[in-house]
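Structure assessment
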Amino acid sequence: MNVKNIPPKRTIREKAWRLWHFQKIKNCWEASIDQPVVRDYLKDTFTVFEVGCGTADLSIELAVQNPLKHYIALDVKAERLYQGAKRSEDLKLPNIRFLRAHANSVLDIVGVGSVDELWLTFPDPFPKKSSAKHRLTHQSFLSIYKTLLKEDGSLYFKTDNKDLFCWSLEQLEATGWIIKDISFDLHSTDMNYPTTVYERRYIVNDVPIYFLSCKLSV
């Protein structure tokens with residue numbers, strides 16, 4: 001009997017159980033082994049990439065609304081991706097994939113100029129100054145996104161954290177991004193974007209959502 005095909009006992013280690021099942025779902029990829037498959041999926045198609053997606057609520061909603069576009073939801077934690085992957089299976093979505101990888105390795109996996117839109121939704125703010133390098137809007141990550149996006153590609157960013165939002169604005173302006181739309185209270189505007197479960201909790205409690213979209217050129 002091949003022990004690789006025997007799932008760990010769920011009651012012993014929930015994360016290990018979800019990781020095992022994540023690796024068995026057809027629309028889930030591991031960065032270390034599926035790079036050729038990822039690049040083939042991106043060929044000749046409009047591609048939307050969500051970095052640090054959690055359970056990928058946003059990507060799933062967008063995939064439902066836009067069946068002709070391809071979506072990749074990336075996170076480092078398989079247990080989060082597993083939840084999104086199972087939901088996408090239930091919805092029978094053919095146009096979304098779930099990629100387990102670190103955000104700083106995404107360029108090696110996906111390739112230069114491969115993405116039309118990139119989303120950052122409620123990333124960890126890493127509030128300590130010493131942890132700034134881990135923020136997904138740090139200049140090191142913004143440099144990766146610049147290379148990842150097509151020339152006319154767009155970056156979208158949502159957060160409930162005002163400090164992170166203002167800091168991110170400074171990073172974007174310092175690295176030459178052109179801000180297209182911006183709101184310090186998204187849901188008081190007429191801008192219409194899908195919401196996440198996390199986001200809806202804040203809306204109910206009247207917590208403002210900070211949003212911006214930007215491009216590399218006019």
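Residues numbered from 1 in each chain as written. Predicted model: local features only at pLDDT ≥ 70, side-chain atom pairs only at ≥ 80, totals over all residues. Heavy atoms only, no water.

1. A closer look at the overall build of the protein
Helices and strands together make up the secondary structure of the protein, namely eight helices and eight strands. Burial statistics for the protein: of 218 residues in total, 47% are counted as buried. Long-range pairs, those at least 24 residues apart, make up 73% of the contacts in the protein with a sequence separation of at least 6. (Helix = DSSP H or I, 4+ residues; strand = E, 2+ residues; numbered from the N terminus. Buried < 20%, exposed > 50% of the residue type's maximum accessible area, 1.4 Å probe, protein only. Contact = heavy atoms within 4.5 Å.)

2. Notes on the pairing of strand β3 (residues 70–75)
In terms of residue burial, β3 counts as a mostly covered element, since five of its six residues are buried. The pairing of strand β2 (residues 47–51) with β3 spans five bridges and is parallel. Paired with Val48 across the two strands is Tyr71, which belongs to β3. Read as a crossover between parallel neighbours, the route from β2 over helix α3 (residues 57–65) to β3 is right-handed. One ladder, built from five bridges, connects β3 with strand β4 (residues 96–100); its direction is parallel. (Pairing = 2+ DSSP bridges. Right-handed = clockwise from strand over helix to strand, strands pointing away.)

3. With respect to the nonpolar core
Judged by nonpolar contacts, the single largest core of 37 residues is most densely connected at Phe49, Val51, Leu99, Val110, Tyr145 and Leu155. In this structure, Cys53, Ile60, Tyr71 and Ile209 belong to the second largest nonpolar core, which totals 23 residues. (Core = buried A, V, L, I, M, F, W, Y, C linked by side-chain atoms within 4.5 Å.)

4. Description of the sheet that holds β3
Read from one edge of the open sheet, eight strands run β1-β4-β3-β2-β5-β6-β8-β7, paired in mixed fashion. Of all the strands in the sheet, the pair left with one neighbour each is β1 (28–30) and β7 (178–183). When strand polarity is set aside, the average angle formed by the axes of neighbouring strands in this sheet is 20°. Against the sheet, helix α4 (residues 78–90) touches β1, β3 and β4, its axis set at about 170° to β4. (Axes fitted to C-alpha atoms, helices over the stretch in contact; angles between N-to-C directions.)

5. Describing the environment of Asp75
Tracing the sequence through the fold places Asp75 in strand β3. A sequence separation of 28 residues divides Asp75 from Ala103, and the C-alpha atoms of the two residues are 7.5 Å apart. In contact with Asp75, other than residues within four places in its own chain, are Gly52, Cys53, Gly54, Arg80, Leu81, Leu99, Arg100 and Ala101. Reaching out from Asp75, the side chain makes a polar contact with the backbone nitrogen of Gly54 at a distance of 2.8 Å. (Polar contact = N/O pair within 3.5 Å; in protein donor to acceptor, adjacent residues only side chain to side chain.)

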